[in-house]
Amino acid sequence: MRVVLSNAFGEKPLTIGAGSVGIAGKDGNVDQATLKPLTWGGKSSVVVPPGAPILSDPIALSAEALSEISVSIFLPKKTALSSVHWDGVQTAYISGPGNFTNEAAFKADSTLKSRLFLSDIWVDAVPESEAIVFFGDSITDGNCSTPDANNRWPDHIAKRLQEANRKVAVVNEAFSGNRVLTDGMGVNALGRFDSDILSHPKVSTVVLMMGINDIGWPGENAITPDDKEPTAQDIITGYKQLIDRAHAHGVRIVGATLTPFADTFKGLPTEGYYTPEKEKIRVAVNEWIRTGGGFDGVVDFDQVMEDPAKPGYLRDDYDCGDNLHPNDAGYKAMADAVDLDVLLGSAK
């Protein structure tokens, strides 16, 4: 096993005073018998330059598929939280001053539902294995799902693949607020495709579900009112760029339709995220995903999640309450609707 920490968005060097990894227990504890120190070039501390990742030395640690891994780091200096996955849907435990990386438990002064500086965990791959990367926004990131329960729809896909005895790793490269064409709460999809998709070892397929924020964010009373509203063709052109870049590297790309969003954020200052005109853009984008012939496979989440009695609306039993994000039942329904053969390329 190797741990990748990141200073990708840092403007100053990141000092890691110590680190450890082990099989996670309950409430932030770690299985003491599995707790291993991290080293970098044989040393117990490391300085990560701005913009760079750092890969730990290999650690001999056995972990079953779907195991939860705990990574602890000690920051000996005041450190700006620059490289953060804010919507981690997983509890991070923050101690008071001191190095507790060699302890299986410590008293947490505070908690966050974010991942700080942790980018990847690499493990030895079994022969003839492959990786599927899920590339999306908050709906793939698991926003609104129960924290610490692994109820994101890619989590359920991972469980299904294990139950089917498939030698496939699931990599979730989604973050809330992501857009295809424009930066916002992070780098746009076109800008991060090489680093976040093509850089993964053994990647065979990328599953793209993104574009609803491109449609929803711009406009009056929306999140970025000064941004230009894209046309459906603008978003489709972005998709074509991602398709061509994936194919140039021998990677399959599966498109997922955009789920219903009528009345998203209704009654809030950002209720302009949805308008009837924006719905027309979503419908046109979905039609191209289904029939345009650009993707190597299609997953029709729009059909799964739409209320049969109210076209354009998320089903009530799958809605977490904002008319945009699924609840736990919705995320499971999404995963259950996916044909694994479409993901794996064994269906025409």
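Small disclaimer: the values here were computed from a predicted structure and weren't measured.

1. Digging into the pairing of strand S13 (residues 130-136)
Line of reasoning, step 1. Of all seven residues in S13, six are buried; the element is thus mostly enclosed.
Line of reasoning, step 2. Bridge analysis of S13 against strand S14 (residues 168-172) gives five bridges, and the strand direction is parallel. Within the sheet, the bridge partner assigned to Ile132 lies in S14 and is Val170.
Line of reasoning, step 3. The pairing of S13 with strand S15 (residues 203-209) spans six bridges and is parallel. Pairing of Phe135 across the sheet is with Leu208, part of S15.

2. Thoughts on the pattern of salt bridges
Line of reasoning, step 1. The tally for this structure, following the rule as stated, stands at twelve salt bridges.
Line of reasoning, step 2. Of the charged contacts, one joins Arg152 and Asp155 as a salt bridge, the two residues approaching to 2.7 Å between their closest N and O atoms.
Line of reasoning, step 3. A relative accessible area of 6% means that Arg152 is categorised as buried.
Line of reasoning, step 4. The class for Asp155 is buried, based on a relative accessible area of 18%.
Line of reasoning, step 5. Residue Glu279 is joined to Arg282 by a salt bridge in which the shortest nitrogen-to-oxygen separation is 2.9 Å. Separated by three residues within a single helix, Glu279 and Arg282 lie in helix H6 (residues 276-291), roughly one turn from each other.
Line of reasoning, step 6. With a relative accessible area of 13%, Glu279 lands in the buried category.
Line of reasoning, step 7. What makes Arg282 buried here is its relative accessible area of 1%.
Line of reasoning, step 8. Overlapping salt bridges bring together Glu279, Arg282, Arg290, Asp300 and Asp302 as one network.

Definitions and limits used
All residue numbers here refer to positions counted from 1 along the written sequence of the relevant chain. Given that the model is predicted, a residue must reach a pLDDT of at least 70 before its local features are reported, and side-chain atom pairs must reach 80 or more before they are shown or counted; all residues, however, enter totals for whole chains, interfaces and linings. As a rule here, side-chain values cover all heavy atoms of the structure and leave hydrogens and water aside. Per-residue accessibility, obtained with a 1.4 Å probe over protein chains only, is compared with the maximum for each type, and a residue is labelled buried under 20%, exposed over 50%, and partly exposed between these values. Going along the chain from the N terminus, every DSSP run of H or I of four or more residues is numbered as a helix, and every run of E of two or more is numbered as a strand. At least two DSSP bridges between two strands are required for those strands to pair. Salt bridges are counted wherever a side-chain nitrogen of Lys or Arg sits within 4 Å of a carboxyl oxygen of Asp or Glu.

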